[in-house]
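Now for the letters of each chain:
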Amino acid sequence: MTTKNWTAEDIPSQQGKTILITGANSGLGLEASRVLSSKGAQVIMAVRNLKSGNEAISLIKKENADAKLDLMQLDLSDFASIHQFSQEFHQRYSQLDVLINNAGVMFPAKRELTKQNFEVQFGTNHLGHFLLTGMLLDILKNTSNSRIAIQSSGQHKAKMGRPDIYFDDLNFNKGYNKYVAYTQSKLANLLFAYELNRQLKAGHMDITVVAAHPGYTKTNLVRHSGFLVQSVITNILAQSVEMGTLPILRAATDKSVIGGEYFGPTKMGEMRGYPELVRSSDKSHDRELAGKLWKVSEKLTQIIYNFK
Ligand SMILES: NC(=O)c1ccc[n+]([C@@H]2O[C@H](COP(=O)([O-])OP(=O)(O)OC[C@H]3O[C@@H](n4cnc5c(N)ncnc54)[C@H](OP(=O)(O)O)[C@@H]3O)[C@@H](O)[C@H]2O)c1
C-alpha cells in the first residue's frame, strides 16, 4: 500500500487565522510565512532586523500582492525586546491561532552571550521562546483551538552533541563546545514542547503543542559552519527550503493532531523527505528532566505560566 506524501497542498484554508512566526525573515520561517499567507492567514513575521524583514515581505508580495503580512521587531536574545514585543502584540491583536517558535542560532564558533548573559543558543533557542510563549499564553487561551508549533532538530539526539541539560553549567562557563550547547538548546525545545502540552492538557486548555524538525535543509543556519559545510556538504546533502519547511507546516496546520506529536522527514536518517510522525529521543520524553528544566526556565526568565 502506498501512502500519499504530505505536502503544502494538504494545508486547509487558513482564512481568518492569525499566525505568528519567529525568525520569519529567513530560511524556514520565511517559507512558512509565504505558504501560510498564501492560504489566507494573517501572518505576523517576527524578526530581529526590520530591514531584512521588509526584504522578506517584498519577496512574498512579489508572488502574492494580497498576502496579509505584519512585521514586528523581536530579538529573542534580549528579554527586554521580548517584553516590548509582547506589549505591542497585545495592543495589536486579541487572537492568536498559531504560534510558531522557529527562530534559532546554531554553532557560533566562539561562546556568545545574550543580553542577559546566557549562552546564546540556550538563551535564544530555548529561554527566549519560553518567555515569549508564556507572555502570549493569555491570547492563545482566548483563541479557541489554538496551537503552538515548536521547531527542534534531529541534533537533539546526536551523539557528538552529548545530549543533556547541563544544570550545573547551563551557560558553558566551564568550557564551551558549540555542538553540545546547540544540542542542549534543541533538546530543551522538545522537553518544553512536551511538558507544555502536558500542562495545558492537565489544565483542560484548548491549546495544542506540536513539535517538528526540518531534517537537513539548505538555509542560512550553517553560516558559522565553515567553507566545507556551507559550500560542499550542504549542497550535496541538504534538501530544499520548500521540503524542509513541510514538517513545521504540518505541525502548525494538520487537523488530526492531538498534541505532543513530533513531525520530521524520514529518509536518509531523517535528513530528507516528506513529513511524517517521527520519534524523538527517550530523554526528550523524560518528565523529571522536563520538570526540572521548566523550574529553572521560569526562574531564569522570571515568568510564571498561568494554567488557569
Ligand atoms: N536548516 C536546517 O537544516 C535545520 C536543521 C534542524 C533545525 N533547524 C532549526 O530551524 C530553525 C530555523 O532555522 P533556518 O534553518 O531557517 O536558519 P536561518 O535561515 O538562519 O533562520 C534562522 C532565523 O532565526 C532568526 N534568529 C536568530 N537569532 C535570533 C534572535 N536573537 N532573535 C530573533 N530571531 C533570531 C534569524 O534571524 P537573522 O536572519 O536576523 O539572523 C533567522 O530569521 C532554527 O530553530 C534551527 O535550529 C534547522
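To be clear, the structure that these remarks concern was listed above.
So, a few notes on the structure that sits alongside this text. Just so we're clear, the structure is a prediction, and the values are computed from it rather than from any experiment.

The rules behind these values
- Residues numbered from 1 in each chain as written.
- Predicted model: local features only at pLDDT ≥ 70, side-chain atom pairs only at ≥ 80, totals over all residues.
- Helix = DSSP H or I, 4+ residues; strand = E, 2+ residues; numbered from the N terminus.
- Buried ≥ 20, exposed ≤ 12 C-beta atoms within 10 Å, placed from the backbone.
- Contact = placed C-beta atoms within 7 Å.
- Pairing = 2+ DSSP bridges.
- Axes fitted to C-alpha atoms, helices over the stretch in contact; angles between N-to-C directions.
- Parallel < 35°, antiparallel > 145°, perpendicular 65-115°, else oblique.
- Nonpolar A, V, L, I, M, F, W, Y, C, P; charged D, E, K, R; others polar.
- Core = buried A, V, L, I, M, F, W, Y, C linked by C-beta atoms within 7 Å.
- Near = placed C-beta within 6 Å.
- Expected span 1.5 Å × (residues − 1).
- Bend = angle between axes of the 7 residues up to and from the residue.
- Arc of directions from axis to C-beta.

1. Here's the deal with the overall build of the chain
Then step 1. Looking only at helices and strands, the chain features 8 helices and 8 strands.
Then step 2. Expressed along its principal axes, the backbone C-alpha trace of the chain runs to roughly 50 × 50 × 45 Å.
Then step 3. The buried share among the 308 residues of the chain stands at 48%.
Then step 4. Taking all contacts inside the chain whose residues are at least 6 apart in sequence as the whole, residues at least 24 apart take part in 73%.

2. Some points on the sheet that holds strand S6 (residues 207–212)
Picture the strands of a sheet paired through backbone hydrogen bonds; they go either parallel or antiparallel.
Then step 1. Judged by pairing direction, the sheet is mixed, and its 8 strands sit side by side in the order S3-S2-S1-S4-S5-S6-S7-S8 without closing on themselves. Looking along the sheet, the strands with just one partner apiece sit at the ends: strand S3 (68–73) and strand S8 (272–277). Mean inter-strand twist for the sheet, computed between neighbouring axes without regard to direction, equals 20°.
Then step 2. Across the sheet, helix H4 (residues 120–141) is in contact with strand S4 (98–101), strand S5 (146–151) and S6; its angle to S4 comes to roughly 175°.
Then step 3. Lying on the sheet, helix H5 (residues 178–202) is in contact with S5 and S6; it crosses S6 at an angle near 160°.

3. Things to note about the environment of Phe192
Then step 1. Tracing the chain through its elements places Phe192 in helix H5.
Then step 2. Note: C-alpha distance between Phe192 and Leu50 (142 residues apart in sequence) is 28 Å.

4. As for the packing of helix H1 (residues 27–38) against helix H7 (residues 241–253)
The geometry of a pair of packed helices is captured by two quantities: the angle between their axes and the separation between those axes.
Then step 1. Packing of H1 against H7 leaves a shortest axis separation of 9 Å and a crossing angle of 75°. Accordingly, the angle class assigned to the pair H1 and H7 is roughly perpendicular. Within the contact between the two elements, H1 uses Gly27, Leu28, Glu31, Ala32 and Val35 and H7 uses Val241, Glu242, Gly244, Thr245, Ile248 and Leu249.
Then step 2. Its residues placed into classes, the contact of H1 with H7 shows 6 nonpolar, 3 polar and 2 charged.

5. Describing the nonpolar core
Then step 1. Counting 76 residues, the largest nonpolar core has Ile21, Met45, Ala46, Ile100, Ala149 and Ile248 as its most contacted members.
Then step 2. No other element matches the 11 residues that H5 contributes to this core.
Then step 3. In this view, Met45 contacts Ile21, Ala24, Asn25, Ser33, Gly53, Ala56, Ile57, Leu69, Asp70 and Leu71; residues no more than four positions away in its chain are not counted.

6. Comments concerning the site of the ligand
Then step 1. What surrounds the ligand is a group of 30 residues, the closest being Gly23, Gly27, Gly104, Ser153 and Thr219.
Then step 2. Looking at the shell around the ligand element by element, the count peaks at 3 residues for H1.
Then step 3. When the residues that make up the shell around the ligand are grouped by side-chain class, the tally is 9 nonpolar, 19 polar and 2 charged.

7. Considering the environment of Lys283
Then step 1. Here Lys283 is to be found in the loop between S8 and helix H8 (287–301).
Then step 2. Spatially, the C-alpha atom of Lys283 lies 29 Å from that of Ala24, the residues being 259 residues apart in sequence.
Then step 3. Here Lys283 is in contact with Pro163, Leu187 and Leu289, once residues within four sequence places are set aside.

8. Regarding the pairing of strand S7 (residues 262–267)
Then step 1. Taken together, the 2 bridges between S6 and S7 define a ladder with parallel strand orientation. Its bridge partner being in S7, Ala212 is matched across the sheet by Phe263.
Then step 2. Where S7 and S8 come together, 4 bridges link them in antiparallel fashion. Following the sheet pairing, Gly264 is matched in S8 by Glu276.
Then step 3. Counted between consecutive antiparallel strands, the loop separating S7 from S8 contains 4 residues, among which Met268 sits at a positive phi close to 50°.

9. Concerning H7
Then step 1. Over its 13 residues, H7 extends 18 Å from the first C-alpha to the last, a length consistent with the 18 Å expected when each residue adds 1.5 Å.
Then step 2. Within H7, the axis deviates most sharply at Pro247, by approximately 35°.
Then step 3. Restricting attention to buried positions, one finds in H7 the residues Met243, Gly244, Thr245, Leu246, Pro247, Ile248, Leu249, Arg250, Ala251, Ala252 and Thr253.
Then step 4. Looking at the buried side of H7, the elements it contacts are H1, S4, S5, S6, S7 and S8.

10. A look at the pairing of S6
Then step 1. Summarising burial for S6: 6 of the 6 residues are buried, a large majority.
Then step 2. Along S6, one buried face is formed by Ile207, Val209 and Ala211 and the opposite face, lined by Thr208, Val210 and Ala212, is buried too.
Then step 3. Bridge count between S5 and S6: 6 bridges; the pairing is parallel. Residue Ser146 lies in a different strand from S6, and its bridge partner there is Ile207.

11. Quick notes on helix H3 (residues 79–92)
Then step 1. An ideal rise of 1.5 Å per residue puts 20 Å on 14 residues; H3 measures up with 20 Å between its terminal C-alpha atoms.
Then step 2. Restricting attention to buried positions, one finds in H3 the residues Phe79, Ile82, Phe85 and Phe89. Projected down its long axis, H3 carries its buried residues within an arc of 115°, all on one side. Exposed and oriented more than 90 degrees from the buried face of H3 are Ala80, Gln87 and Gln91.

Such coordinate-based values are descriptive only and should not be taken to indicate function.
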